[in-house]
Amino acid sequence: MNTNLSRRRFLVTAGATAAVIAGRSVYDVDKVWAAAYTRRNLGGMAATDPVLVSYGKAIKAMKMLPGTDPLSWGYQAAIHGTTLPGGYTAWNTCEHGTHFFWSWHRMYLYWFERIIRKMSGDSSWALPYWDYNDASQRALPAAFRDSSSELYLMDRGFGWNTGAASFDPNRLDPSNGNLLTSFFDAQSSLEQQPHNHVHVDIGGAMGDPSTAAIDPVFFVHHSNIDRLWNLWLAQGGGRADPLGDAAWRNNNYTFFDEKGQAVQMTACDILRAAEQLNYIYEGEPSQVKEYCLKVPRFVLFLIVEVLIHWPGPPVELTGKDVTVELDIRQFAQRLAPLAESKTEQVFLELKDVEAERSPGAAWDVYLGLPPNTVPNPGSPFRVGTVSLFSAGIRSKTHKQFTPEHFEFRVNRAIAAAMRTNKEKLPLTFVPAGPLIDGKASRAEVKAPVHIGAINISIGKVEKREGKEPEGPHQK
Ligand code: C2O
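Residues numbered from 1 in each chain as written. Predicted model: local features only at pLDDT ≥ 70, side-chain atom pairs only at ≥ 80, totals over all residues. Heavy atoms only, no water.

Notes on the sheet that holds strand 11 (residues 382–386)
Part 1: Taking strand neighbours across the sheet as the criterion, the four strands line up as 8-13-10-11 in an open arrangement whose pairing is antiparallel. Here the strands that pair on one side only, and so sit at the sheet edges, are strand 8 (322–327) and strand 11. Averaged over all neighbouring strand pairs, the angle between strand axes comes to 20°, with direction disregarded.
Part 2: In this sheet, strand 13 (residues 424–432) lies alongside strand 10 (residues 362–367) in antiparallel orientation, the contact comprising six bridges. Residue pairing for strand 13: Trp 363 is matched across the bridge by Pro 431.
Part 3: Of the strands in this sheet, strand 10 and strand 11 are in contact with helix 6 (residues 183–202), which crosses strand 11 at around 55°. (Pairing = 2+ DSSP bridges. Helix = DSSP H or I, 4+ residues; strand = E, 2+ residues; numbered from the N terminus. Axes fitted to C-alpha atoms, helices over the stretch in contact; angles between N-to-C directions. Contact = heavy atoms within 4.5 Å.)

Shown next, in the form of C-alpha cells:
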C-alpha cells in the first residue's frame, strides 16, 4: 500500500519537473530485480578480479569522451566538484556539512554505477567498498597503486602509492557516530570520522572537494560511507531517517543516466537501497525499510547544555602542538559522576571552526592529557580529530559558507583525567598525518585552522513527537 502511494507521488513529482529539465529520462527506480546487485568488499580482491578490471575499462572509455559529455570521467567528477569554468548542468552540487550529505552521495553513486556498467559493458557490475576499518585494509588497496592501471592516480599524498602510508585506526573509528541516535548528529559525526579524515589523509586530489572525484578511490571510499548509513540504521534503538524533515525528503537533485539524459531524484527515491536501487552490501544485515509517507511518531535528538565555556581568545591550529587549559574547579563535583554516566553524555564542542584554504593536515584532539605525556592516539585522552574537508573551508564552498563544528564524546577522557587532576583540564591539539611504515607522521600544514568557541557540554537524548525539531545542526 505504502509503496504504491509513494510511487504515485513520485510520478507526480517527476511530471512536474519534466518541463524544467529538458530531455529528462524516465527511469525505473521502483522495479525490484530478481537478483539485486551486490557491492562487494574490496578486501582480498585481486587486481584481476572482474570488478576491478571492468572499473578500469570503464574509466578508460570515459576519459576518451569530451569533457562536455555527461558520461565522461571529467564531467562525472565535476558533478561532485570542479574548478573548471563552464558551469554545466549539475556541476558542483556535492553536499557536505549539510543535512544532505548521505542522501546526495547515495544518489551520485547510484547513477555513477549505472554509467560504469554501461561504459565497461559489464552488466552485472557493482561498486565495491573499501572497508578501511578492517585491519588488513588500512593501506591503499594494491590495485589502486599500480601505475599502469586506470585506478592509479599520481596526485595522492606521500606514501599512499608506494603502500608505505596507512590510516591510524583510531582516526577512522565510526563508533562515536554509531552511538548517536539522532540522524543529523550521527550523520555529521560519521561525515567527519571516518569520511573527512580519509580525504585529508590521502590528500592530493582526494584532499579537496573540487578534485576528489577524479580519483577512482573516491568511489570505493563513498561506497563504504553509504554502507555505514545502512549499518547505523540497522542498530535500531530509535535510529531512523529524518522523514519528518520536509527539505530532507523533497530536495531535488539532478544527475545523468547511462544514456546521458538528465534525471532527478529526492531522498524518498533512495530510502531502501535494495528495493528502490537494487543493491545490497556484501555482509550487511538486512536493510531497514522506511517509507516517505510513514513519518515516525517520534524522533530522537540530542539537546546540549553548556557546562563550561572556554573564555579565551580563538584558538589557532598550526604545525605545532597547542594546549589550552579549561578551569574545572567549579564543576568537578558535577563532572565526576557524569563522566561515568551511561544515560548522559559529555561532549567537547568546537564551534566556528574554519580555515581560508584546505589545511592539508588534521589535528588529533586530546582532553586531560597528563603533563609530560607523549600524545598517543590510542589512549583514552584522545577524543577525536579535526579534519576539514569542505565545510569550514572558505575557498572551497559552492554554497553559502558555513563554519564547521565538532562534538566529541569525552566521558572516558574526563573520567581518566579526573583521577589525577580535579582543577584543570588541558585541551591539546596535535597535527597528525597518516602512519608511514606504521609510524606516526606529521603532515605539513598548508593553512591554519581557527576555532572560535570551545565548550564542555552535557547531551541528553530526547524523544519528541512528530517532526524534526529545529536543532543546533540545522544549517
Ligand atoms: Cu563529497 Cu567524500 O566527498
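The structure having been displayed, the exposition proceeds.
Things to note about helix 7 (residues 217–234)
Part 1: The end-to-end C-alpha distance of helix 7 is 26 Å, a good match for the 26 Å that 18 residues give at a rise of 1.5 Å each.
Part 2: Across the 18 residues that make up helix 7, a large majority, 16, are buried.
Part 3: After helix 7 finishes, the residue Gly 236 shows a positive phi value of roughly 70°. (Expected span 1.5 Å × (residues − 1). Buried < 20%, exposed > 50% of the residue type's maximum accessible area, 1.4 Å probe, protein only.)

Examining helix 4 (residues 101–120)
Part 1: In a regular helix each residue adds 1.5 Å, so 20 residues correspond to 28 Å; helix 4 covers 28 Å between its end C-alpha atoms and thus fits that length.
Part 2: For helix 4, the tally of buried residues reaches 19 of 20 residues, placing the bulk of the element in the interior.
Part 3: In the segment just after helix 4, Gly 121 is the residue with positive phi, at about 75°.

Some points on the layout of surface pockets
Part 1: In this structure, the largest pocket occupies an estimated 440 Å³ of space.
Part 2: Forming the boundary of the largest pocket are 25 residues, of which Val 200, Gly 203, Gly 204, Gly 360 and Lys 446 lie nearest the centre.
Part 3: Split by domain, the lining of the largest pocket shows at least three residues from each of two domains, domain 1 (7–281) and domain 2 (298–465). (1 Å grid on protein atoms, 1.4 Å probe; cavity = no way out; pocket = protein on both sides within 12 Å on 5 of 7 lines; lining within 4 Å. Points joined across faces, edges and corners; volume = space filled by probe spheres on them. Domains from an automatic or database assignment.)

Here's the deal with the state of the cysteines
Every disulfide links exactly two cysteines, by a covalent bond between their sulfur atoms.
Part 1: Overall, the coordinates contain one disulfide when judged by the stated rule.
Part 2: The disulfide that involves Cys 268 links it to Cys 292, with 1.9 Å between the sulfurs. Where Cys 268 bonds to Cys 292 through sulfur, the torsion about that S-S bond is close to -90°, and the disulfide is left-handed. Placement of the pair is Cys 268 in the loop between strand 4 (262–265) and helix 9 (273–277) and Cys 292 in the loop between strand 5 (279–281) and strand 6 (298–309), with a sequence separation of 24 residues.
Part 3: You can call Cys 292 buried: its relative accessible area is 7%. (Disulfide = S-S within 2.5 Å.)

Considerations on the environment of Met 119
Part 1: One can find Met 119 in helix 4.
Part 2: Taking C-alpha positions, Met 119 is 9.0 Å from Lys 60, a pair spaced 59 residues apart along the chain.
Part 3: Not counting the four nearest positions on each side in its chain, Met 119 is found in contact with Ala 58, Ala 61, Met 62, Leu 65 and Leu 71.

Focus: the packing of aromatic side chains
Part 1: Under the defined criterion, the tally for this structure stands at 31 aromatic pairs.
Part 2: Three or more aromatic residues joined by ring pairs make a cluster, and in this case those are Tyr 55, Trp 73, Trp 104, Tyr 108, Phe 112, Trp 125, Phe 218, Phe 219 and Phe 255.
Part 3: Across the ring face of Tyr 279, the terminal group of Arg 39 is positioned such that the distance to the ring centre comes to 3.6 Å.
Part 4: The residue whose ring lies beneath Arg 394 is Phe 401, and the NZ or CZ to ring-centre distance is 4.0 Å. (Phe/Tyr/Trp six-rings, centres within 6.5 Å; stacked < 30°, edge-to-face > 60°. Lys NZ or Arg CZ within 6 Å of the ring centre and 35° of its normal.)

Quick notes on the pattern of salt bridges
Part 1: In this structure the tally under the stated criterion is 18 salt bridges.
Part 2: Taking the shortest distance from any N to any O, the salt bridge between Arg 272 and Glu 275 comes out at 3.1 Å. We note that Arg 272, like Glu 275, is buried.
Part 3: Bridged by salt links that share partners, the residues Arg 39, Arg 106, Glu 113, Arg 117 and Asp 226 form one connected network. (Salt bridge = Lys/Arg side-chain N within 4 Å of Asp/Glu carboxyl O.)

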